[in-house]
Amino acid sequence: MTALTLTSDRTKFLRLALAADAVVTGVNGLAYLAGADLLSDLLGPGAGLLRGIGAFLLVYGLGVGFLASRAAISAAGTRTVIALNAAWAVGSVAAVVTGAAGFTVAGAVWAILQALVVAVFAELQVMGLRRTR
């Protein structure tokens with residue numbers, strides 16, 4: 001496993017990209033957990049699905065935050081986060097296009113906006129990983 005050292009200034013951008021992803025993802029997860037009933041009416045998917053997504057996002061955000069906080073950032077862990085972020089972005093668009101999640105118009109717009117944010121995080125993390133070389 002390859003690790004990136006904390007002492008290198010080259011890790012600052014990557015660490016920031018991972019930390020920002022962790023905070024946004026964790027806050028989103030908490031919102032889904034706490035407001036699933038209200039958000040279900042607004043976005044379309046059932047409250048149970050939103051709670052499940054919220055729990056996943058909270059755990060995922062904690063994991064990304066843990067990765068960002070390590071003295072040595074794992075390159076393999078970072079690549080995993082990038083892959084999962086890309087999969088989330090593509091999956092969100094697919095859920096809107098196929099109608100699989102039962103989004104309202106507001107829910108479809110929210111899902112596409114989230115996909116864009118997650119794709120930007122993935123790209124920032126790719127850039128950050130490249131800067132560490």
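Above this text is the structure in question.
**Some thoughts on the layout of surface pockets**
Here is step 1 of the chain: Each pocket or cavity is described by its volume, and for the largest pocket that value is around 280 Å³.
Here is step 2 of the chain: Around the largest pocket sit 16 residues that line it, and T25, N28, L57, W88 and V118 are the ones nearest its centre.
Here is step 3 of the chain: Those elements giving two or more residues to the lining of the largest pocket turn out to be α1 (12-34), α3 (47-69), α4 (75-98) and α5 (105-131).
Here is step 4 of the chain: Residue contributions to the lining of the largest pocket peak at six residues, all from α5.
Here is step 5 of the chain: Its residues assigned to classes, the lining of the largest pocket shows 11 nonpolar, four polar and one charged.
Here is step 6 of the chain: Around the second largest pocket, the lining is made up of 15 residues, and of these I53, W88, S92, F103 and Q114 lie nearest the centre.
Here is step 7 of the chain: Within the residue set of the lining of the second largest pocket, elements represented by two or more residues are α3, α4 and α5.
Here is step 8 of the chain: Among the elements that make up the lining of the second largest pocket, the one with the highest residue count is α4 (four residues).

Criteria and cut-off values
Residues numbered from 1 in each chain as written. Predicted model: local features only at pLDDT ≥ 70, side-chain atom pairs only at ≥ 80, totals over all residues. Heavy atoms only, no water. 1 Å grid on protein atoms, 1.4 Å probe; cavity = no way out; pocket = protein on both sides within 12 Å on 5 of 7 lines; lining within 4 Å. Points joined across faces, edges and corners; volume = space filled by probe spheres on them. Helix = DSSP H or I, 4+ residues; strand = E, 2+ residues; numbered from the N terminus. Nonpolar A, V, L, I, M, F, W, Y, C, P; charged D, E, K, R; others polar.

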